[in-house]
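Residue-level structure breakdown
Now for the letters of each chain:
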Amino acid sequence: MLAAERRSRLLTEVRRLGAAAVPDLAATLGVSEMTIRRDLDVLASDGHVDKVRGGARVARVDDSPRTLAAQSRRNGDGKRAIARRAATLVEPGMSVGLGGGSSTWALARELRGVDDLTIVTNSLPVADVFARPDRADEPYTQTVVLTGGVRTTADALVGPVAVASLEHLHCDVVFLGVRGIDLTAGLTTSNLLEAETNRALVAAGARAVVLADHTKWGAVGLTTIVDLNEVDLVVMDEGLDPDAEETLRAHVAELWIAAGDDD
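Figured I'd write up the structure that's included with this text. (Residues numbered from 1 in each chain as written. Predicted model: local features only at pLDDT ≥ 70, side-chain atom pairs only at ≥ 80, totals over all residues. Heavy atoms only, no water.)

**Here's the deal with the packing of helix H1 (residues 3–17) against helix H10 (residues 242–249)**
Put simply, the rule reads: Note on definitions: angles span 0 to 180 degrees between N-to-C directions of axes, and those axes are lines fitted to C-alpha atoms, for helices only across the stretch in contact. The way it works is that DSSP assigns letters per residue, a run of H or I at least four long becomes a helix, a run of E at least two long becomes a strand, and they are numbered from the N terminus. These descriptions rest on fixed angle ranges, namely under 35 degrees for roughly parallel, over 145 for roughly antiparallel, 65 to 115 for roughly perpendicular, and the rest for oblique. What makes two residues a contact is simply this: any of their non-hydrogen atoms within 4.5 Å. Three residue categories are used. Nonpolar comprises Ala, Val, Leu, Ile, Met, Phe, Trp, Tyr, Cys and Pro, charged comprises Asp, Glu, Lys and Arg, and polar comprises the others, including Gly.
Between H1 and H10, the shortest axis-to-axis distance is 7 Å and the interhelical angle comes to 80°. One element, H1, and the other, H10, form an angle in the roughly perpendicular class. Along the contact surface, H1 presents Ala3, Ala4 and Glu5, while H10 presents Asp243, Ala244 and Thr247. Of the residues in the contact of H1 with H10, the class split is three nonpolar, one polar and two charged.

**Quick notes on H10**
Stated formally: For each residue, the accessible area found with a 1.4 Å probe, counting protein chains only, is set against the maximum for its type, and the residue is called buried under 20%, exposed over 50%, and partly exposed in between. Read the arc as the range of directions from the helix axis to the C-beta atoms. Here a polar contact means two N or O atoms within 3.5 Å. Within protein one must be a hydrogen donor candidate and the other an acceptor candidate, and residues neighboring in sequence count only if both atoms are side-chain atoms.
Taken residue by residue, H10 has Ala244, Thr247 and Leu248 as its buried positions. Taken down its axis, H10 places every buried residue within 95° of arc, on the same side. Residues of H10 that are buried sit in contact with H1, strand E10 (180–182), strand E14 (233–237) and strand E15 (255–258). N-cap assignment for H10: the residue whose side-chain oxygen lies 2.8 Å from the backbone N of aspartate 243 is aspartate 241.

**Side note on the sheet that holds E10**
As a reminder, the rule being used: Paired strands, in this sense, are two strands between which DSSP finds at least two bridges.
Spatial ordering of the open sheet is given by E10-E11-E13, a layout of three strands whose pairing is antiparallel. This sheet does not close on itself; its edge strands, each paired only once, are E10 and strand E13 (223–226). Averaged over all pairs of adjacent strands, the angle between their axes in this sheet comes to 45°, without regard to strand direction. Where helix H9 (residues 192–203) meets the sheet, its contacts fall on strand E11 (186–189) and E13, and the angle it forms with E13 comes to roughly 10°.

**Some details on the side chain of glutamate 194**
Basically, it comes down to this: A positive count includes Lys and Arg, and a negative count includes Asp and Glu. His and the chain ends are not counted in either. Salt bridge, as used here, is a side-chain nitrogen of Lys or Arg placed within 4 Å of a carboxyl oxygen of Asp or Glu.
As for its position among the elements, glutamate 194 is in helix H9. Buried within the structure, glutamate 194 lacks any salt-bridge partner; arginine 179 is the closest side chain of opposite charge, at an N-O distance of 9.2 Å. At 2.8 Å, the side chain of glutamate 194 forms a polar contact with the side chain of threonine 189. Excluding residues within four positions of it along the chain, glutamate 194 makes contact with Ala156, Val158 and Thr189.

**Concerning the pattern of salt bridges**
Inspection of every chain in the model, using the stated rule, returns nine salt bridges. A salt bridge links glutamate 13 to arginine 16; the nearest nitrogen and oxygen atoms lie 2.5 Å apart. Remark: arginine 16 and glutamate 13 occur in helix H1; sequence separation between them is three residues, near one turn of the helix. For glutamate 13, a relative accessible area of 13% puts it in the buried group. The residue aspartate 41 makes a salt bridge to lysine 51 at a minimum N-O spacing of 2.5 Å. Taken together, the residues span a long stretch of sequence, with aspartate 41 in helix H3 (residues 33–45) and lysine 51 in strand E2 (residues 49–52) at a distance of 10 residues. Classification of aspartate 41 as partly exposed rests on a relative accessible area of 39%. Since its relative accessible area comes to 44%, lysine 51 is described here as partly exposed. One connected set of salt bridges, linked through shared partners, spans Arg6, Arg7 and Asp39.

Below is the structure:
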């Protein structure tokens with residue numbers, strides 16, 4: 001069993017129990033207690049579990065609202081590399097769906113110079129990226145379609161109005177940010193209405209692309225957006241563990257690893 005797959009199963013077991021002892025986890029997974037302790041060290045360093053005497057428990061996750069700028073600074077180099085690689089999928093004249101989040105916001109900034117784009121988004125910060133130039137003589141060929149909906153603390157528009165506005169739209173490609181990627185839970189977020197809206201966004205795209213830096217691997221939000229096999233491409237950064245990369249490649253249609261020096 002690959003280390004990444006074992007750690008995913010280990011994390012699932014800790015979440016199921018809330019707290020678990022090393023001997024019990026070793027027996028369940030059929031490996032040594034030393035292996036379990038090493039895996040728990042890795043999961044704890046990534047913030048997925050809290051180590052306690054004799055075992056581990058589910059980590060206390062801080063889902064309190066953070067500004068987009070603060071989110072963008074977390075693994076900023078990786079997110080910029082992901083955005084540059086994802087931008088190669090976009091050509092002038094396309095209709096592009098962009099969900100909310102720091103990774104899609106980084107991509108929006110990469111797409112400002114692409115002519116004749118139609119941007120469909122439920123993110124107010126993403127829409128602002130494509131604001132008209134201050135100078136009237138500067139060319140502006142982009143169109144922004146902003147969904148309605150209830151505004152979240154992250155400045156995304158979600159809920160029934162957002163879903164209804166997406167039902168009759170058709171994008172060439174949709175880019176989605178996520179709270180976490182997990183083999184069992186799939187692609188997740190921490191907001192129920194946001195998950196519903198993101199599902200509608202995925203349905204509106206001829207191609208669905210997930211943008212996620214390596215810290216999202218193994219993380220699980222409150223609710224599933226879609227399963228791993230329902231997206232066409234996942235773009236991650238070089239920080240992803242090689243074992244995790246091999247495991248993920250076996251469960252998604254396509255995986256790109258964006259190098260930090262991508263142009």
